[in-house]
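# Overview (structure and organization)
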Amino acid sequence: MDVIGGMCDSSQVDITSTTHLFTHQWEQYASQNNAAQQESRRLPEIPRQSDANFLIQFLTFFVVRFVYVSSVAFSSSGSVPGATCWGYSGGHRKEAPLDEFFGPCHSLSSLAIGLTAMLSALRCFGSNRTTFWRESATGINRVSYFMAVNVAQIPIILITPIVYLSLLYPLVAPRSYFRFYYFATLGAQFACTGAGYCISAIFSPKNSQMASVTFALISSLVSGSSPTLCKMAGYNVIGPIMYSLSYCRWYLEALFEKEAIRYPDVLAPYVHGLSTRNGYTLDQYSTCVAVLFAMGFAYRVLALLFMLFTNRGKQK
């Protein structure tokens with residue numbers, strides 16, 4: 001076996017002899033192998049901590065993740081036109097009255113934004129959790145890894161609302177200005193991306209997609225279109241908690257406000273009647289957008305905590 005394995009030179013042994021069965025070769029090999037093992041035990045243990053500081057690790061991970069995100073952007077860009085068609089499929093026509101604002105178009109549009117953002121965010125951590133565990137076991141700074149992934153995703157978060165609205169805005173032709181739609185959509189995109197990070201950190205890749213769809217559907221159902229916020233406020237404390245945590249509620253309220261204030265003063269009773277019936281305000285656009293961004297930051301903090309303190313056995 002040693003001859004076949006190249007452990008010794010066949011010319012130095014008598015392969016026709018069956019009496020010794022290469023006993024001396026095996027004993028020599030075993031003694032050398034034991035000596036090598038004993039020598040390796042005396043070697044100093046290689047430290048697991050990296051020599052690279054936080055900034056170096058951040059830049060390294062950022063470059064790697066930015067290249068990955070750029071490649072993923074092309075594969076996921078096809079979902080944006082599809083989401084736009086889905087949002088427009090509600091039958092919202094141009095110059096529609098304000099009481100049709102909560103129709104299928106805006107409700108489905110907010111749902112489409114959430115699904116597009118979360119399904120894209122699932123690839124950032126869920127598909128690479130094995131890589132994260134392996135690199136974490138080598139002693140990398142896990143916070144630098146998390147921040148690098150988030151920063152690399154920012155260009156996609158900024159560009160996606162522009163592509164989405166460039167298709168939806170001309171079809172719907174709302175009264176509100178484009179910039180107000182953009183910042184509200186950007187806030188919803190930021191919040192849903194953070195929610196996708198949380199979901200990918202908790203659930204397995206197989207279950208994360210279903211969890212994302214469920215999250216988006218529940219958020220859409222408690223957005224204030226049907227039932228209204230006033231009705232849900234009567235559901236003890238559960239109703240207000242649910243619609244306060246819904247990104248769709250803040251997104252629709254922000255768009256409704258900028259749409260409503262563009263109506264002439266002669267229609268003020270009509271506009272205020274709709275806002276009162278639905279429980280929306282007409283002077284808190286900045287608050288609604290700020291809440292969306294605050295939700296995005298909160299989801300990212302939770303995602304970081306989940307990554308740091310779950311599956312600890314696989315990170316060692």
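Residues numbered from 1 in each chain as written. Predicted model: local features only at pLDDT ≥ 70, side-chain atom pairs only at ≥ 80, totals over all residues. Heavy atoms only, no water.

### Side note on the pattern of salt bridges
The final tally for this structure, using the stated rule, is one salt bridge. Of the charged contacts in the structure, one is a salt bridge between R249 and E253, with a shortest N-O distance of 2.9 Å. Placement of both R249 and E253 in helix α11 (residues 247–260) is noted, with a separation of four residues, approximately one turn of the helix. According to the relative accessible area criterion, E253 is buried, its value standing at 2%. (Salt bridge = Lys/Arg side-chain N within 4 Å of Asp/Glu carboxyl O. Helix = DSSP H or I, 4+ residues; strand = E, 2+ residues; numbered from the N terminus. Buried < 20%, exposed > 50% of the residue type's maximum accessible area, 1.4 Å probe, protein only.)

### Considerations on helix α5 (residues 129–137)
Within α5 the residues assigned to the buried category are R129, F132, W133 and S136. The arc that holds the buried residues of α5, viewed along the axis, is 100°, so those residues lie on one side. Seen from the open side of α5, the exposed residues pointing more than 90 degrees away from its buried face are T130 and R134. Backbone geometry just downstream of α5 places G139 in the positive-phi region, at approximately 100°. (Arc of directions from axis to C-beta.)

### Brief notes about the side chain of E257
As for its position among the elements, E257 is in helix α11. The buried charged residue E257 lacks any salt bridge, with K258 as its nearest oppositely charged partner at 4.5 Å. (Lys, Arg positive; Asp, Glu negative; His and termini not counted.)

### Observations regarding the UniProt feature "transmembrane region" (unreviewed entry) in the protein
Under the UniProt annotation, the feature "transmembrane region" (unreviewed entry) is placed at residues 52–74, 101–122, 143–168, 180–203 and 284–309. Taken end to end, residues 143–168 is 100% helix and 0% strand, and its first and last C-alpha atoms sit 37 Å apart. For residues 284–309, helix accounts for 96% and strand for 0%, while the C-alpha atoms at its two ends are 37 Å apart. (UniProt positions renumbered as here; feature names shortened; annotations may be inferred.)

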